[in-house]
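Structural features, examined
Read off the chains here:
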Amino acid sequence: MPFSMTKKRNPNSMTTPCHITFLPKLNLIGKSIVTNRTKNNTYELWKAFKQELSRIAISNPEYYYAVEQYSNTYFDSYHPEKPYNQWACITVPDGITLPTNWNNLIVSEGLYAIFKYKGTAADAHHTIRSIHEDWLPSSGYVLANRPHYALMHSDYDPLNPTAEEHFYIPIH
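Residues numbered from 1 in each chain as written. Predicted model: local features only at pLDDT ≥ 70, side-chain atom pairs only at ≥ 80, totals over all residues. Heavy atoms only, no water.

Below, the discussion takes up the overall build of the protein. Secondary structure summary: the protein contains two helices and nine strands in total. Residue pairs at least 24 apart in sequence account for 75% of intrachain contacts in the protein once pairs closer than 6 positions are excluded. (Helix = DSSP H or I, 4+ residues; strand = E, 2+ residues; numbered from the N terminus. Contact = heavy atoms within 4.5 Å.)

Take the pattern of salt bridges next. With the rule as written, the count across this model stands at four salt bridges. Ionic pairing is found between E68 and R37, a salt bridge with its closest N-O pair at 3.1 Å. Residue E68 is located in strand β4 (residues 63-69), and its partner R37 is located in the loop between β3 (26-35) and α1 (42-53); the two are separated by 31 residues in the primary sequence. Note that E164 is salt-bridged to K116, the shortest N-O span being 3.4 Å. With E164 in strand β9 (residues 164-171) and K116 in strand β7 (residues 110-118), the pair connects residues that are 48 residues apart, well separated along the chain. (Salt bridge = Lys/Arg side-chain N within 4 Å of Asp/Glu carboxyl O.)

Let us now look at the pairing of strand β8 (residues 148-153). A large share of β8 lies buried, amounting to five of its six residues. When β4 meets β8, the two strands line up antiparallel, connected through six bridges. Each bridged residue has a counterpart across the sheet, and for E68 the counterpart in β8 is H148. Pairing of β8 with β9 involves four bridges; the strand directions are antiparallel. (Buried < 20%, exposed > 50% of the residue type's maximum accessible area, 1.4 Å probe, protein only. Pairing = 2+ DSSP bridges.)

Of the residues in the protein, 89% reach a pLDDT of 70 or more, and the chain-wide mean stands at 86. Scored below 50 in pLDDT, residues 1-15 makes 38 contacts in the model with residues more than four places away or belonging to other chains. (pLDDT = per-residue confidence, 0-100.)

Across five bridges, β4 lies against strand β5 (residues 84-91) in antiparallel orientation. Paired with V67 across the bridge in β5 is W87.

Turning our attention to α1. The end-to-end C-alpha distance of α1, which contains twelve residues, comes to 16 Å, matching closely the 16 Å that a straight helix rising 1.5 Å per residue would cover. All of the buried residues in α1 are L45, W46, F49, E52 and L53. All buried residues of α1 lie within an arc of 135 degrees about the axis, which places them on one face of the element. Buried-residue contacts for α1 involve β3, β4, β5 and β8. (Expected span 1.5 Å × (residues − 1). Arc of directions from axis to C-beta.)

Right, let's talk about the side chain of R146 for a bit. Positionally, R146 belongs in the loop between α2 (124-139) and β8. The side chain of R146 is buried and forms no salt bridge, while E109, the nearest opposite charge, is found at 9.0 Å. Polar contacts involving the side chain of R146 include one to the main-chain carbonyl oxygen of L111, which spans 2.3 Å. Contacts of R146, omitting those with residues within four sequence positions, involve S108, E109, G110, L111, Y112, P170 and I171. (Lys, Arg positive; Asp, Glu negative; His and termini not counted. Polar contact = N/O pair within 3.5 Å; in protein donor to acceptor, adjacent residues only side chain to side chain.)

All right, on to the packing of aromatic side chains then. Under the defined criterion, the tally for this structure stands at 16 aromatic pairs. For the pair Y70 and F75, a centre-to-centre distance of 4.8 Å together with 65 degrees between the ring planes defines the contact as edge-to-face. Given the relative accessible area of 35%, F75 is considered partly exposed. With a centroid separation of 6.0 Å and an interplanar angle of 80 degrees, the aromatic rings of Y74 and Y84 are classed as edge-to-face. (Phe/Tyr/Trp six-rings, centres within 6.5 Å; stacked < 30°, edge-to-face > 60°.)

Structure representation (structure tokens):
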């Protein structure tokens, strides 16, 4: 079920296509931290992740996954200091030796709404907010209790206003 959405909170918005699709299980490895919206330690997580990535057999992945795991009640009443798990990940075949302090993350199969975003990482929250506050309530879908993630090409630059990433929102 294709859908087009206009971001309402960003005056320089553009139409953001959304595709609904069933995705298979995803096997990821990476680093994680417990954080919240008032702490912005994304930079530190990704810096440490990329430094350690050079030590494993797959040091030049095609894509990166920015994964967020929320509790069952996280979205019941929003508060910016509610904790959640944030991951920096890649996909890998079985048998790769993990760097110290890395873990496996299995994202179970399920239905996802996929939104293409173009812009800086600092402005992405406008699109995410619009997805949750505008698109989701009028879509006929509800959030599923699976990880949310962004898929970025390996040459992704979070400061580039033409950078592209895809937001994967779990639904049912």
